[in-house]
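Now for the letters of each chain:
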Amino acid sequence: MSLVPTLAETIARARADLRMGLPVVIGDHLAAAVETLTPGRLDDLRRLGRPVLALTARRAETLKARAYDEGLARVKVPDDADLGWLRALADPADDLRVPMKGPLFTDRDGDVTAHCAALALAKSAQLLPAVLMVAADPVAGLTRLSPGPLLAQLAQEAVLAPVAAARVPLLAAERSRLHIFRPDDGGTEHYAIEIGDPPRNTPVLARLHSACFTGDVLGSLKCDCGPQLQSALTAMGQAGAGVLLYLNQEGRGIGLANKMRAYDLQDQGFDTVEANHRLGFEDDERDFRLGAALLKRLGFGAVRLMTNNPRKVAMMEAQGVTVTERVPLIVPRNPFNEGYLDVKAQKSGHIL
């Protein structure tokens, strides 16, 4: 029956549930995001069984908790642990002020597919990857998912559908058109800014730009995103043609709230990569396949790619988009972003 939600639609519903503090059922476990969990629901979960805190291996390493399972650790929750204890393990904001959080004991052996799926779902909801898990019978009314299909669906590339397009004259190029694309997985929309009327049978000057509210909108000096955005649009305007893909993957895919958490950690002395790891994320959680899909949807098969990131070039080629030239996009440094740019070069392989 077409009125029954598909797997992708059920996952979108589960993301919303986690963000509102409602547990979901994954396999034979109830799963609740620690970030949004309430004391009352913690008590209710405890009545159903022994809770275990699922953390990524990155966060577990910071906490000196043994990750017996590849990619994650299952921390045993003491009987007297309250929500503050759980959030201290989930959020590294006070790690330096209160460094000793243990001893922490972790489970080993057994199937962890549900735990992996819960952490992946929390990441996709742009929540801290820390999930309280309780093995229990399903509770009526909660969103239910099977862990294997959930993981497979989250790993799939979203299908992007055009929603609307209109002419938007820009300061950098008056002949510009903004295209809006909506993914089929319930995620945020992505944009393509077409400058001039670029032919589809020659390599187009292109830029994959990840959303940066702080840099693009506020003019933050902590990164080079805003100047890169304006430099790319200016170059395309001067060339008379180009396409800029604006992908809503803020903070390297972890979301604005987690990006601000990472900024706070950077103020404590950690670099960009270290901050992401302490939060439980990888260096970069973005899905660059979206950029290749948008280009092909617009009819482009070859690009002159404006980037300092070799990963973007490799991704384009792997997704069937020919990169005929990597066009450097170097912008001036300032005292606030020097460390950030150095880490980009040293740890992320950017050519600066």
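Reading the values: the criteria
- Residues numbered from 1 in each chain as written.
- Predicted model: local features only at pLDDT ≥ 70, side-chain atom pairs only at ≥ 80, totals over all residues.
- Heavy atoms only, no water.
- UniProt positions renumbered as here; feature names shortened; annotations may be inferred.
- Helix = DSSP H or I, 4+ residues; strand = E, 2+ residues; numbered from the N terminus.
- Rg over C-alpha atoms; globule rule 2.2 N^0.38 Å.
- Buried < 20%, exposed > 50% of the residue type's maximum accessible area, 1.4 Å probe, protein only.
- Contact = heavy atoms within 4.5 Å.
- Areas by Shrake-Rupley, 256 points an atom, 1.4 Å probe, with all protein chains shown as cover.
- Lys, Arg positive; Asp, Glu negative; His and termini not counted.
- Charge placed at Lys NZ, Arg CZ, Asp CG, Glu CD.
- Core = buried A, V, L, I, M, F, W, Y, C linked by side-chain atoms within 4.5 Å.
- Patch = residues over 30% accessible without salt bridge, like charges linked within 9 Å, V, L, I, M, F, W, Y side chains within 5 Å.
- Salt bridge = Lys/Arg side-chain N within 4 Å of Asp/Glu carboxyl O.
- Pairing = 2+ DSSP bridges.
- Axes fitted to C-alpha atoms, helices over the stretch in contact; angles between N-to-C directions.
- Parallel < 35°, antiparallel > 145°, perpendicular 65-115°, else oblique.
- Nonpolar A, V, L, I, M, F, W, Y, C, P; charged D, E, K, R; others polar.
- Polar contact = N/O pair within 3.5 Å; in protein donor to acceptor, adjacent residues only side chain to side chain.

- As recorded by an unreviewed UniProt entry, the chain carries the name GTP cyclohydrolase-2 and is attributed to Paracoccus tibetensis.
- Recorded in UniProt for the chain, the comment headed Function (unreviewed entry) runs: "Catalyzes the conversion of GTP to 2,5-diamino-6-ribosylamino-4(3H)-pyrimidinone 5'-phosphate (DARP), formate and pyrophosphate."
- One UniProt comment on the chain, placed under Catalytic activity (unreviewed entry), says "GTP + 4 H2O = 2,5-diamino-6-hydroxy-4-(5-phosphoribosylamino)-pyrimidine + formate + 2 phosphate + 3 H(+)".

1. Focus: the overall build of the chain
Right, on to step 1. Scanning the chain from N- to C-terminus turns up 14 helices and 13 strands.
Right, on to step 2. Its C-alpha radius of gyration of 22 Å places the chain within 12% of the 20 Å reference for a compact globule of 352 residues.
Right, on to step 3. The principal-axis extent of the C-alpha atoms belonging to the chain is close to 65 × 55 × 30 Å.
Right, on to step 4. Evaluated residue by residue, the chain yields a buried proportion of 49% over its 352 residues.
Right, on to step 5. Contacts in the chain between residues far apart in sequence, at least 24 positions, make up 67% of those at least 6 positions apart.
Right, on to step 6. Roughly 16300 Å² of accessible area belongs to the chain as shown, and the carbon and sulfur atoms make up 53% of that amount.
Right, on to step 7. In the chain, 41 positive and 42 negative side-chain charges are present, and the distance between their average locations comes to 2 Å.

2. As for the nonpolar core
Right, on to step 1. Ranked by internal contacts, the top residues of the largest apolar core, which has 26 residues, are Leu37, Leu45, Leu53, Val75, Leu86 and Leu132.
Right, on to step 2. The set of elements that each furnish at least two residues to this core consists of β2 (29–33), α2 (39–48), β3 (51–56), α3 (57–63), β4 (72–76), α4 (83–90) and β5 (130–135).
Right, on to step 3. If you tally residues by element for this core, the top one is α4, at four residues.
Right, on to step 4. With 25 residues, the next largest nonpolar core counts Phe288, Phe300, Met316 and Val321 among its residues.

3. Quick word on a nonpolar patch on the surface
Right, on to step 1. Taken together, the side chains of Phe213, Val217, Leu218, Leu256 and Met260 make up a nonpolar region of the molecular surface, amounting to roughly 440 Å² of accessible area.
Right, on to step 2. Elements supplying a minimum of two residues to the nonpolar patch: α7 (213–217) and α10 (256–267).
Right, on to step 3. Along the polypeptide, Leu218 turns up in the loop between α7 and α8 (225–239).
Right, on to step 4. Classification of Leu218 by relative accessible area gives exposed; the value is 57%.

4. Overview of the sheet that holds strand β13 (residues 322–327)
Right, on to step 1. One open sheet holds the seven strands; their spatial order is β7-β8-β9-β11-β10-β12-β13, and the pairing between them is mixed. The open sheet is flanked by β7 (160–167) and β13, the only strands paired with a single partner. Strand-to-strand twist of the sheet, defined as the mean angle between neighbouring strand axes without regard to direction, takes the value 25 degrees.
Right, on to step 2. Bridge count between strand β9 (residues 190–196) and strand β11 (residues 241–247): six bridges; the pairing is antiparallel. Bridge pairing in β11 places Ala192 opposite Leu245.
Right, on to step 3. Lying over the sheet, helix α12 (residues 289–298) contacts β7, β8 (176–183), β9, β10 (204–210), β11 and β12 (302–306), oriented at roughly 140 degrees with respect to β11.

5. Brief notes about the packing of helix α11 (residues 272–279) against helix α14 (residues 338–348)
Right, on to step 1. Axis separation between α11 and α14 bottoms out at 8 Å; the angle between their running directions is 75 degrees. Here α11 lies roughly perpendicular to α14, going by the angle between them. Contacts from Thr272, Val273 and Glu274 of α11 reach α14 at Tyr340, Val343, Lys347 and Ser348.
Right, on to step 2. Of the residues contributing to the contact of α11 with α14, the split by class is three nonpolar, two polar and two charged.

6. Looking at the side chain of Ser176
Right, on to step 1. Mapped onto the secondary structure, Ser176 falls in strand β8.
Right, on to step 2. Excluding its chain neighbours within four sequence positions, the residues that come into contact with Ser176 are Ala166, Arg167, Val168, Leu170, Glu194 and Ile195.

7. Quick look at the UniProt feature "active site" (unreviewed entry) in the chain
Right, on to step 1. According to UniProt, the positions carrying the feature "active site" (unreviewed entry) are Asp284 and Arg286.
Right, on to step 2. Those residues within four positions of Asp284 in sequence are excluded, and the remaining contacts are Arg252 and Arg311.
Right, on to step 3. In this structure, Arg286 sits in the loop between α11 and α12.
Right, on to step 4. Setting aside residues no more than four positions away along its own chain, Arg286 makes contact with Ser210, Gln249, Arg252, Gly253 and Asn309.
Right, on to step 5. In terms of polar contacts, Arg286 uses its side chain to reach the side chain of Ser210, at 3.0 Å.

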